[in-house]
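# Coordinates in review
Okay, here's what each chain looks like letter by letter:
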Amino acid sequence: MFFEASVEVYFIWQIAITILYIDLKDICLATGFLAKIKTAFSLLEIKKIWRFALGMAGISAITFFITQLDKIVVSKMLTLEYVGYYSLAFLIASAINQIISPIQPVVFPKLTGLISANDQTSIVKLYHQTARWVSVIIFPIGCVLFFFASEILMFWTGNIKLTNNTSAILQVCVVGSVFNCMMWVPYLFMLAKGNTRFTIYQNLIVIIIMLPLLYFLTKTYGALGASFVWLIVNAGYVMVSIPVFHHFFLKGELMRWYKSDVALPLITSIALVLGVKLLQMQFDLKFSLLGLTTVLLGITVIYTLIIPELRTVLNKIIRS
């Protein structure tokens, strides 16, 4: 606003703010919590955790490469216009991941404590409860974004051309993001056990598959083809990695995961949202923003009454 509207100034400002943020947190930590205890550098602690820390660094680097690889290929092979369509679709679809991200800091410490105590019964119970809540949250949101992709894009951007070129890409990215979220709880479980090798090997295989697939599908089908790579990779996680994970870490729990943690929220979400979409198509309804919001609120109420976990929360709210 005050200097120059350029990309360079924007990133310089981001660097400055980040440095300030780190310094302020360091000061608050040093004068607050750390001021009350004696601290010292410990090589012994580093020796205890270096393998896990190195594994986490490897996961972060490979995951970053996987999530950016499609953007690199799309930007090299397609025009800037279609890079914009793809980026917008991916941005909206990734909102699903952001919605469930607060689950991690709540569940991870509990899961780590239970694994340390070797309380297998409680581990299995917490695993399924968390997986179920992830499903309860992501499936209705994913279904709404998938079936009403055009309406949401139009309400947000007001641009018919952008909506027409982005809606199909958004639908594919949304399904891929939903599959990606289904891997969250198994991933947290492995980290709580201190296992990073599974994720590293899995993601290295993904990179080997992604590179030729991205090139071929992007060259043949453009931005839509690139979005299918995101879907294929994450569908592979669910169809291949999750059964393998259950075989090695939670033997005998796979069918329960499918039946109890996935089936009811998925079937209910698809039935409710698809039902509304079919009614819209049958009667050629044109939803306004207020109309679509009202319909979605109605779906939310019905969904809450069907899903046991949500009914329990609603009863607690009403009683309180």
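Residues numbered from 1 in each chain as written. Predicted model: local features only at pLDDT ≥ 70, side-chain atom pairs only at ≥ 80, totals over all residues. Heavy atoms only, no water.

### Side note on the packing of aromatic side chains
- This structure, assessed with the given rule, holds 13 aromatic pairs.
- Geometrically, the ring pair formed by tyrosine 127 and phenylalanine 245 is tilted, given 6.0 Å between the ring centres and 35° between the ring planes. Of this pair, tyrosine 127 sits in helix H6 (residues 120-147) while phenylalanine 245 sits in helix H10 (residues 197-249), placing them 118 residues apart in sequence.
- With a centroid separation of 6.1 Å and an interplanar angle of 75°, the aromatic rings of phenylalanine 198 and phenylalanine 249 are classed as edge-to-face.
- Phenylalanine 249 gets classed as buried once you look at its relative accessible area, which sits at 18%.
- An aromatic cluster of at least three residues, connected via ring pairs, comprises Tyr127, Phe189, Phe198, Phe245 and Phe249.
- The ring of phenylalanine 90 has lysine 71 sitting right over it, with the charged end atom 3.2 Å from the ring centre. (Phe/Tyr/Trp six-rings, centres within 6.5 Å; stacked < 30°, edge-to-face > 60°. Helix = DSSP H or I, 4+ residues; strand = E, 2+ residues; numbered from the N terminus. Buried < 20%, exposed > 50% of the residue type's maximum accessible area, 1.4 Å probe, protein only. Lys NZ or Arg CZ within 6 Å of the ring centre and 35° of its normal.)

### Describing the packing of H6 against helix H7 (residues 149-157)
- Packing of H6 against H7 brings their axes to within 4 Å, and their N-to-C directions diverge by 80°. When the axis of H6 is compared with that of H7, the two are roughly perpendicular. Together, Val144, Leu145, Phe146 and Phe147 of H6 and Ala149, Glu151 and Ile152 of H7 make up the contact between the two elements.
- For the contact of H6 with H7, a count of residues per class yields six nonpolar, no polar and one charged. (Axes fitted to C-alpha atoms, helices over the stretch in contact; angles between N-to-C directions. Parallel < 35°, antiparallel > 145°, perpendicular 65-115°, else oblique. Contact = heavy atoms within 4.5 Å. Nonpolar A, V, L, I, M, F, W, Y, C, P; charged D, E, K, R; others polar.)

### Things to note about empty space enclosed by the protein
- Applying the stated criterion to the full structure yields one cavity of 30 Å³ or more.
- Every residue lining the largest cavity is listed: Ala131, Val134, Ser135, Ile138, Cys181, Met182, Val185, Trp257 and Val262.
- The set of elements that each furnish at least two residues to the lining of the largest cavity consists of H6, helix H8 (160-182) and helix H11 (254-282).
- Broken down by element, the lining of the largest cavity gets its largest block of residues, four residues, from H6.
- A per-class count over the lining of the largest cavity returns eight nonpolar, one polar and no charged. (1 Å grid on protein atoms, 1.4 Å probe; cavity = no way out; pocket = protein on both sides within 12 Å on 5 of 7 lines; lining within 4 Å. Points joined across faces, edges and corners; volume = space filled by probe spheres on them.)

### Re the layout of surface pockets
- Here the largest pocket defines a volume of roughly 680 Å³.
- Lining of the largest pocket is provided by 24 residues; of these, Thr63, Thr67, Asn97, Asn180 and Trp184 occupy positions nearest its centre.
- Those elements that place two or more of their residues in the lining of the largest pocket are helix H2 (43-77), helix H4 (95-100), H8, helix H9 (184-192) and H10.
- Element by element, the count of residues in the lining of the largest pocket is highest for H10, at six residues.
- Each residue belonging to the lining of the largest pocket can be placed in one class, and the counts come to ten nonpolar, 14 polar and no charged.
- Approximately 290 Å³ is the volume attributed to the second largest pocket.
- As for the second largest pocket, its lining consists of 16 residues, of which Phe139, Val175, Val178, Phe179 and Leu266 are closest to the centre.

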